[in-house]
Amino acid sequence: MTRVGLIAKRGLEQASGVLAELAGWLEAHDARPVFEEHTARLAGVPAGRSIVSREELPRACDLIVALGGDGTLIGVAGRLANAGTDVPILGVNFGSLGFLTEITLPELYDALGAALAGRATIESRTMLAARTLRANAPFADHIVLNDIVITKAALSRIIEMEVKVADERVTRVRADGLIIASPTGSTAYNLAAGGPIVHPAVDAMVLTPIAPHTLTNRPVVIAGDSEVHVRPIMDDHDEVFVTFDGQSGFPLQPGDQVTVRRAPRPIRIVRSARRSYFDVLREKLKWGGDNR
């Protein structure tokens, strides 16, 4: 790895000094920093440095260092997936939770040195590919790391959704919404909605109703190679939305169908050498903690 992409959450002023120091450290270790354009302005990078757009970054480097919170890493993961590259991401936590960006600032240079030397643990995480059909034709495609969520508007009545896996009818859900989550996304909105924690090494998807109006509607874990079809039962007065990793979305129309399957390639994330997945669960989510 000789080209290291640097990207920070927009407006993250506290990262400006870190970025300047990081660029110098990389150059001292025979690596070339490649700045995303907004990050370059944040760091006050002078002319002559390598600066590219967010869309160009996945193809301009061999490793990406993302400074911010989980949202920053999720955004980078989406761009990597759309670019069709397998560049690893090293996420540095500047947020309040940082479940995915688990590497702390004091750990940055040890983790980065291990990645450059080929000693770091790089974990593959499944991504999900969603296609929205409108009038039986492809309308929009998205690739997500965490989840696809179909939900009602704030003041709307509950919505009804027909759910199929492949060609088999699974259920008809009456709820405030439905979450289709990857194992990585199982600790995001899925967990808050009462869904199970799924270890990221498990080849699975999770279907979790949001505030279901039937007591027997419960989250279900299905095979990772499943193809899920969700069709909201709605009329012109209903307001139903689909969102992708909480970063983009749009209103659905009567007759629309959202199909979700495993994405063609996973994302690769540099793991901390100091903590396991279960350490992160205990530290970040207080899972299994001693409540005495």
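In this report, we go over the structure that sits alongside the text. Quantities reported herein were computed from a predicted structural model and do not represent experimental measurements.

### Digging into the nonpolar core
Next, step 1: Residues V65, L67 and L90 are the most contacted members of the largest nonpolar core, which totals 29 residues.
Next, step 2: Setting aside chain neighbours within four positions, we find V65 in contact with V4, G5, L6, I7, L22, L90, V92, L108 and L112.
Next, step 3: Core analysis: the second largest hydrophobic core is formed by 27 residues, I148, I180, M205 and F244 among them.

### A closer look at the environment of A20
Next, step 1: Turning to its location among the elements, A20 is positioned in helix 1 (residues 16-28).
Next, step 2: Given the relative accessible area of 45%, A20 is considered partly exposed.
Next, step 3: Spatially, the C-alpha atoms of A20 and A43 are 6.1 Å apart, while their sequence positions differ by 23 residues.

### A look at the pattern of salt bridges
Next, step 1: Under the defined criterion, the tally for this structure stands at 19 salt bridges.
Next, step 2: Two residues, E160 and R172, come together in a salt bridge whose shortest N-O distance is 3.5 Å. On the criterion of sequence distance, the pair formed by E160 in strand 10 (residues 159-165) and R172 in strand 11 (residues 168-175) is long-range, its members being 12 residues apart.
Next, step 3: When its relative accessible area of 23% is taken as the criterion, E160 is described as partly exposed.
Next, step 4: Residues joined in a network through salt bridges with shared partners are E102, E123, R125 and R271.

Basis of the calculations
Residues numbered from 1 in each chain as written. Predicted model: local features only at pLDDT ≥ 70, side-chain atom pairs only at ≥ 80, totals over all residues. Heavy atoms only, no water. Core = buried A, V, L, I, M, F, W, Y, C linked by side-chain atoms within 4.5 Å. Buried < 20%, exposed > 50% of the residue type's maximum accessible area, 1.4 Å probe, protein only. Contact = heavy atoms within 4.5 Å. Helix = DSSP H or I, 4+ residues; strand = E, 2+ residues; numbered from the N terminus. Salt bridge = Lys/Arg side-chain N within 4 Å of Asp/Glu carboxyl O.

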